[in-house]
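Observations on the three-dimensional arrangement
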Amino acid sequence: MAQVLLLTRALTPSSAVLPGLELLSHHIKVMSPEPTALLMAPEVDVILIDGRTDLPAVRSLCRLMETTGNTSPVILITTQGGLAAVNREWGLTDVLLVDASPAEIEVRIRLATTKAATEQNIEIPGEIKAGELLINEATYSAKLRGRTLDLTFKEFELLKFLAQHPGRVFSRDQLLREVWGYDYFGGTRTVDVHVRRLRAKLGPENENLIGTVRNVGYRYVTTPASNSESFEVLV
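Residues numbered from 1 in each chain as written. Predicted model: local features only at pLDDT ≥ 70, side-chain atom pairs only at ≥ 80, totals over all residues. Heavy atoms only, no water.

**Section: the overall build of the protein chain**
Put simply, the rule reads: Each helix is a run of DSSP H or I of at least 4 residues and each strand a run of E of at least 2, with the numbering of both proceeding from the N terminus. What makes two residues a contact is simply this: any of their non-hydrogen atoms within 4.5 Å. The Shrake-Rupley method, run with a 1.4 Å probe sphere, supplies the accessible areas, and residue values consider only the shown protein chains as cover.
Check the secondary structure of the protein chain and you find seven helices and eleven strands. For the protein chain, contacts bridging at least 24 residues in sequence account for 52% of all contacts bridging at least 6. When the accessible surface of the protein chain is totalled, it reaches about 13400 Å², and 52% of it is carbon and sulfur.

**Side note on the pairing of strand 10 (residues 210-213)**
Threshold: At least two bridges found by DSSP between two strands are what make those strands a pair.
The pairing of strand 10 with strand 11 (residues 217-220) spans four bridges and is classified as antiparallel. When the sheet's bridge partners are listed, Val 213 is paired in strand 11 with Gly 217. Joining the antiparallel neighbours strand 10 and strand 11 is a turn of three residues, in which Asn 215 adopts a positive phi near 65 degrees.

**Focus: the packing of helix 6 (residues 172-180) against helix 7 (residues 189-202)**
To keep things clear, this is the line we draw: Whenever a helix is involved, its axis is fitted only over the stretch in contact; in every case the axis is a line through C-alpha atoms, and angles between N-to-C directions fall within 0 to 180 degrees. The scheme is simple: roughly parallel for angles under 35 degrees, roughly antiparallel for over 145, roughly perpendicular for 65 to 115, oblique for anything else. Three classes are used, and their members are as follows: Ala, Val, Leu, Ile, Met, Phe, Trp, Tyr, Cys and Pro are nonpolar, Asp, Glu, Lys and Arg are charged, and the others, Gly among them, are polar.
Contact geometry of helix 6 with helix 7 gives a least axis separation of 9 Å together with a crossing angle of 80 degrees. As judged from the angle between their axes, helix 6 and helix 7 are roughly perpendicular. Each of Arg 172, Leu 175, Leu 176 and Trp 180 in helix 6 lies in contact with helix 7, whose residues at this interface are Thr 190, Val 191, Asp 192 and His 194. Here the residues of the contact of helix 6 with helix 7 are counted per class, giving four nonpolar, two polar and two charged.

**So, the pattern of salt bridges**
Applied cut-off: Think of a salt bridge as a Lys or Arg side-chain nitrogen and an Asp or Glu carboxyl oxygen that are within 4 Å of each other. The buried label goes to any residue with under 20% of its type's maximum accessible area, the exposed label to any with over 50%, and the partly exposed label to all in between, with areas taken from a 1.4 Å probe on protein chains only.
A complete count under the given rule lists ten salt bridges for this structure. Ionic pairing is found between Arg 108 and Glu 104, a salt bridge with its closest N-O pair at 2.9 Å. Placement of the pair is Arg 108 and Glu 104 together in helix 4 (residues 102-120), with a separation of four residues, close to one helical turn. On the basis of relative accessibility, which here comes to 25%, the residue Arg 108 falls in the partly exposed class.

Shown next, in the form of structure tokens:
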């Protein structure tokens, strides 16, 4: 069962927009296609847009969604006559006619969501994925659950190194050699300082991504411990 967001200005039930959809078991949320409302939209598996009327406005909406970072597949619902206006510049995943059968709707939703999941799992050169952390080496940027982290160069390098070896424990001496280099003359205390800063920037709900193994060192944890579990910080 997919989470489906239907964007429509119609005051009628969703069954009037795409009758066959109501015969399926998907969870459907209906919202008005206002830009401000879209900012509050929940994460869904697929977005359906009512394009039975006012196609210019629908085209603008599609382009807006594409430029604001929407990652969900988008399927346009339109009439036979509306097909002539649709082209690749709309950024659509697929198109459904209003009289599509439940079987056709089901297969198109399934194909769209499967394709999106496959594309998200494709490894991009220069990108490092560790759980919900995404690191881009080319732009020196790191995102956690879509939120960009404001990191210094060494914080970025430390996080990147740990994320490249999830679950593996490194001593402070090892981290100094790998991240700071052999010519660094500072003490291992600097590792603790940078770890504390990283945890603060990850936030209270994610600070356990950098775990501590007492008397050994630090490691990156792809599945953070719950708040009830404690991590002892090396001092």
